[in-house]
Amino acid sequence: MPIVAPSLLAANFLKLGEECTMLNESEADWFHLDVMDGRFVPNISFGFPVIEQVTRTTKKICDVHLMIVEPEKFAERFKKAGANILTVHFEACPNLHRNIQQIKALEMQAGVAINPHTSVELLKDILDDIDLVCLMSVNPGYGGQDFIPHSIQKIKRLRKMIDDAGSKVKIEVDGGVILENAKQIIEAGADVLVTGSTIFKSNDPKATIAALKAM
Ligand code: DX5
Ligand code: ZN
């Protein structure tokens, strides 16, 4: 059964409390929170005031996906804001190993996200140090984009790398995950499905989450 991590980027921010209640009552496993800085990605989302409020509403795991440069400047504040998993981008971190050590020292799980153009093989030498790979199946910055088909090959290659290494690192797939492709993504080897628009724009979000869990 996949871990389902709804992305609140697609939520109705005027009704954020109700959206959090809905997720808490649903079968969703994690809350996925997308932080964008307008520098690493061409968009700005939300920051600490929103995350602090959201994490207070839930006992579920809060999975914070940083699409920002210089994440080391803010790691401690994300911990204080309630992050359980902190994911930084491979492409944004020239001293990635140091970023990972910082996240672990703050007693969060460490994730590394890779953009569509970044090969999974580049993660080989940090696999032992991390808890999660966030494999971007769209170019980061916006919700509601189409899944890039080549991502399936990347998931399969990463699955093999992780299994061959006897590692427990989780594969999270983020971007363009819909009911129609979720099964194929899981069969390729994904552990975690991030889903924004598919859940929040559906007529019955809880049923959509249940359908993803049942894949
Ligand atoms: C994109 C974000 C994703 C996004 C997913 O940069 O990292 O988490 O919100 O949204 P959908 O499911 O709509 O592609
Ligand atoms: Zn994300």
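This section reports on the structure supplied with the text.

Definitions and limits used
- Chains are numbered independently. Their residues run from 1 in the order of the written sequence.
- Note on labels: chains are lettered from A, ligands numbered from 1, in written order.
- Totals for whole chains, interfaces and linings use every residue, but because this is a predicted model, local features are given only for residues with pLDDT of at least 70 and side-chain atom pairs only at 80 or more, for both listing and counting.
- To obtain the side-chain values, all non-hydrogen atoms of the structure were used and water was disregarded.
- The numbering of helices and of strands both runs from the N terminus, where a helix is a DSSP run of H or I of at least 4 residues and a strand a run of E of at least 2.
- In this treatment the radius of gyration is a C-alpha quantity, and the globule benchmark scales as 2.2 Å times the residue count to the 0.38 power.
- Only heavy atoms matter for contacts: two residues are in contact if any of them lie within 4.5 Å across the pair.
- The rule is simple: take the accessible area with a 1.4 Å probe, protein chains only, and divide by the maximum for that residue type; under 20% is buried, over 50% is exposed, in between is partly exposed.
- Strand pairing is defined by DSSP finding a minimum of two bridges between the two strands.
- An axis is simply a line fitted to the C-alpha atoms; with a helix, the fit covers only the stretch in contact. Between two such axes, the angle follows the N-to-C directions and lies from 0 to 180 degrees.
- Near, as used in this document, describes a residue that has one of its heavy atoms within 4 Å of the molecule or strand being considered.
- Each polar contact in these results corresponds to two N or O atoms within 3.5 Å; when the atoms are within protein, one needs to be able to donate a hydrogen and the other to accept it, and residues that are neighboring in sequence are counted only if both atoms are side-chain atoms.
- All accessibility values rest on the Shrake-Rupley procedure with a 1.4 Å probe; residue burial counts only the protein chains present in the view.
- In the scheme used here, Gly and all other residues not listed as nonpolar or charged are polar, with Ala, Val, Leu, Ile, Met, Phe, Trp, Tyr, Cys and Pro taken as nonpolar and Asp, Glu, Lys and Arg as charged.
- Only nitrogen, oxygen and sulfur atoms qualify as donors, and only when within 2.8 Å of the metal (3.2 Å in the case of Na, K and Ca); with water excluded, sites may look incomplete.
- Geometry assignment treats four donors as tetrahedral when all angles are between 85 and 135 degrees, treats four as square planar and six as octahedral when opposite donors are over 155 degrees apart and all others between 65 and 115, and treats everything else as irregular.

Quick word on the overall build of the chain
In step 1: Helix and strand counts for the chain come out as 8 helices and 8 strands.
In step 2: In terms of C-alpha radius of gyration, the chain reaches 16 Å, essentially the compact-globule figure of 17 Å for 215 residues.
In step 3: C-alpha extents for the chain along the principal axes are approximately 40 × 35 × 30 Å.
In step 4: Residue pairs at least 24 apart in sequence account for 65% of intrachain contacts in the chain once pairs closer than 6 positions are excluded.

Topic: unusual backbone geometry
If a residue is not glycine, its phi is most likely negative; likewise, a peptide bond is most likely trans.
In step 1: Despite not being glycine, Glu 70 shows a phi value in the positive range, around 50 degrees.
In step 2: By the secondary structure assignment, Glu 70 is in the loop between strand S3 (61-67) and helix H3 (75-80).
In step 3: Positive phi values are uncommon outside glycine, yet Glu 107 reaches one of about 60 degrees.
In step 4: Turning to its location among the elements, Glu 107 is positioned in the loop between helix H4 (96-105) and strand S5 (109-114).
In step 5: Residue classification places Glu 107 among the exposed positions, given a relative accessible area of 67%.

A look at the sheet that holds S3
In step 1: Taken in spatial order, the 8 strands line up as S1-S8-S7-S6-S5-S4-S3-S2 in an open sheet, and their pairing is parallel. Of all strands in the sheet, those bounded by a partner on one side alone are strand S1 (3-6) and strand S2 (30-36). Here the average twist between neighbouring strands, direction ignored, is 25 degrees.
In step 2: Across 5 bridges, the pairing between strand S4 (residues 85-89) and S5 is parallel. Across the sheet, Thr 87 pairs through a bridge with Gly 111, a residue of S5.
In step 3: This element, helix H2 (residues 48-56), spans S2 and S3 of the sheet and lies at about 175 degrees to S2.

Section: the site of ligand 1
In step 1: Near ligand 1 lie 20 residues; those nearest to it are Asp 34, Gly 144, Asp 174, Gly 196 and Ser 197.
In step 2: Interatomic distance of 2.9 Å between a side-chain N/O atom of Ser 7 and an oxygen atom of ligand 1.
In step 3: Contact distances for ligand 1 include 2.8 Å between an oxygen atom and a backbone N or O atom of Gly 144.
In step 4: Protein burial of ligand 1: of its 380 Å² of free accessible surface, 99% is covered by the chains.
In step 5: Only S2, S3 and strand S8 (192-195) provide two or more residues apiece to the shell around ligand 1.
In step 6: Considering every element that reaches the shell around ligand 1, the biggest residue donor is S2, with 3 residues.
In step 7: Classifying every residue of the shell around ligand 1 gives 7 nonpolar, 11 polar and 2 charged.

Some thoughts on the coordination of the zinc ion (ligand 2)
In step 1: Coordination sphere of the zinc ion (ligand 2), protein contribution only: His 32 (NE2), Asp 34 (OD), His 65 (ND1) and Asp 174 (OD), at 2.0 to 2.3 Å.
In step 2: Its 6 donor atoms give the zinc ion (ligand 2) angles of 68 to 170 degrees at the centre, a pattern that matches the octahedral case.
In step 3: Going along the chain, you hit the donors of the zinc ion (ligand 2) in the pattern H-x1-D-x30-H-x108-D. Note that His 65 is positioned in strand S3 and Asp 174 in strand S7 (residues 170-174), a separation of 109 residues in sequence. Each member of the pair, His 65 as well as Asp 174, is classed as buried.

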